[in-house]
Amino acid sequence: MGVRILLETHDSHRAGRDVARVLDLVDHPSIGALWDLMHTHLAGESPAQSYTALAPYLGYVQVKDVAGAHDLTPLPLGTGILPIAECVALLPRDCWVSWEYEAPWFPSAAPLEGLLEPGARFLDRLTD
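Here is a short report on the structure shown in this document. (Residues numbered from 1 in each chain as written. Predicted model: local features only at pLDDT ≥ 70, side-chain atom pairs only at ≥ 80, totals over all residues. Heavy atoms only, no water.)

A separate point is the side chain of T73. Position of T73 relative to the elements: it lies in strand β5 (residues 71-74). Within the local environment of T73, its side chain forms a polar contact with the side chain of D71, the two groups lying 2.8 Å apart. In contact with T73, other than residues within four places in its own chain, are D65, V66, A67, F106, S108 and A109. (Helix = DSSP H or I, 4+ residues; strand = E, 2+ residues; numbered from the N terminus. Polar contact = N/O pair within 3.5 Å; in protein donor to acceptor, adjacent residues only side chain to side chain. Contact = heavy atoms within 4.5 Å.)

Here it is in structure tokens:
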């Protein structure tokens, strides 16, 4: 049916190596990985380590930016601690990248509307 199910690096499987271990066991072409950069970073993996683990399964990558491990309030792309440029530089040209902005869960987050254009420019610069 053309459906692909992606397991996200999140919660109990925060690191790329953890998701890859599960996907190795499943061993099915319709199963893949959704790489959430924040979670692999907080798990202590470098982008290169995460990419190496997830590359055979990669469906798409989710980026965001935050102030730190103890302050996950969303920030404009490129203004926080996450190595977005390092991550995107590893990806093949045809890899999907999605910006996740979780403002509804963080009342102090800036409104998304004013961040969309600068966020798109930031990601465009990384793919030139």
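Within this structure, the stated rule accounts for 2 aromatic pairs. Here W35 and Y51 contribute two aromatic rings whose centre-to-centre distance is 6.4 Å and whose plane-to-plane angle is 35°, an arrangement assigned as tilted. Linking W35 in strand β2 (residues 31-36) with Y51 in helix α3 (residues 47-54), this pair joins segments that are 16 residues apart in sequence. Measuring from ring centre to ring centre gives 5.7 Å for W99 and Y101, while their planes differ by 70°; the resulting arrangement is edge-to-face. (Phe/Tyr/Trp six-rings, centres within 6.5 Å; stacked < 30°, edge-to-face > 60°.)

Our focus in this paragraph is the sheet that holds strand β6 (residues 96-99). One key point about sheets: their strands pair by backbone hydrogen bonds, in either a parallel or an antiparallel sense. Taken together, the 4 strands give an open sheet; going across it, the order is β1-β2-β3-β6, and neighbouring strands pair in parallel fashion. The sheet terminates laterally at β1 (5-8) and β6, the two strands that pair on one side only. Recorded for the sheet is a direction-independent mean angle of 30° between the axes of neighbouring strands. Bridging between strand β3 (residues 58-63) and β6 involves 4 bridges; their strand directions are parallel. In the strand pairing of β6, V63 is matched with W99. Of the strands in this sheet, β1 and β2 are in contact with helix α1 (residues 16-26), which crosses β2 at around 175°. (Pairing = 2+ DSSP bridges. Axes fitted to C-alpha atoms, helices over the stretch in contact; angles between N-to-C directions.)

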